[in-house]
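# Structural overview
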Amino acid sequence: MAIKIQTQNGEIKIENDVIASVVGGATIANPGVVGMASRATLRDGMNQILNRENYGRGVVVSQTAAGVIVDVYIVVRYGMKLAEISTSVQRKVKYYLDSYLGIHVPEVNVIVQGIETKD
């Protein structure tokens, strides 16, 4: 499913893979975030941290009447404050999507799928 934006010159379609790449880049730029996690942990493996090519499996993009809603699945570093990391991810994802793609996002949901410990 692509996000459609109507402009005075026509329609722009932005594919979910593009949005997922931008969201993934914004997410991993936050201190304390180890990486993106798969939203289907049972199918993909509980401990798998996604690389750049697989960000789409850790991001869910949906379009509603209110706008685009993004769910982000992450793995964080042990000892970090989850509330601060989540707030930082939300702000950065909204900023990146607005700056790079011109998409206003009223809601970014951050789901912590795991915590990486030092072994």
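Residues numbered from 1 in each chain as written. Predicted model: local features only at pLDDT ≥ 70, side-chain atom pairs only at ≥ 80, totals over all residues. Heavy atoms only, no water.

Named according to an unreviewed UniProt entry, the chain is Asp23/Gls24 family envelope stress response protein originating from Fructobacillus americanaquae. Comment text from UniProt for the chain, heading Sequence similarities (unreviewed entry), reads "Belongs to the asp23 family." (UniProt positions renumbered as here; feature names shortened; annotations may be inferred.)

## A short note on the side chain of T27
Inspection of the secondary structure assignment puts T27 in helix 1 (residues 16-28). Accessibility expressed as a relative area gives 0% for T27, which makes it buried. (Helix = DSSP H or I, 4+ residues; strand = E, 2+ residues; numbered from the N terminus. Buried < 20%, exposed > 50% of the residue type's maximum accessible area, 1.4 Å probe, protein only.)

## Examining helix 1
Compared with the 18 Å implied by 1.5 Å per residue over 13 residues, the 18 Å span of helix 1 between its first and last C-alpha is a close match. Lining the buried residues of helix 1 we find strand 1 (2-7), strand 2 (10-15), strand 3 (33-37), strand 5 (59-64), strand 6 (67-77) and helix 3 (82-101). (Expected span 1.5 Å × (residues − 1). Contact = heavy atoms within 4.5 Å.)

## Concerning the nonpolar core
Nonpolar side chains in soluble globular proteins tend to end up buried together. Among the nonpolar cores identified, the biggest contains 25 residues, and I19, V23, V70, I74 and L97 are the most heavily contacted of them. When residues of this core are traced back to their parent elements, those giving at least two are helix 1, strand 3, strand 5, strand 6, helix 3 and strand 7 (107-116). Sequence-distant contacts of L97, defined by excluding residues within four places in its chain, comprise I19, V22, V23, V70, G102, I103 and V105. (Core = buried A, V, L, I, M, F, W, Y, C linked by side-chain atoms within 4.5 Å.)

## Some details on the packing of helix 1 against helix 3
Describing two packed helices takes the angle between their axes plus the distance from one axis to the other. Where helix 1 contacts helix 3, the two axes come as close as 9 Å, and the packing angle between them is 135 degrees. In terms of orientation, helix 1 and helix 3 fall into the oblique class. Seen from above, helix 1 lies across helix 3 with right-handed handedness. Across from V18, I19, V22, V23, G25, A26 and T27 in helix 1, the residues of helix 3 making contact are V89, K92, V93, Y96, L97, Y100 and L101. Looking at the contact of helix 1 with helix 3 residue by residue, the classes come out as 11 nonpolar, two polar and one charged. (Axes fitted to C-alpha atoms, helices over the stretch in contact; angles between N-to-C directions. Parallel < 35°, antiparallel > 145°, perpendicular 65-115°, else oblique. Left-handed = near helix turned anticlockwise from the far one by under 90°. Nonpolar A, V, L, I, M, F, W, Y, C, P; charged D, E, K, R; others polar.)

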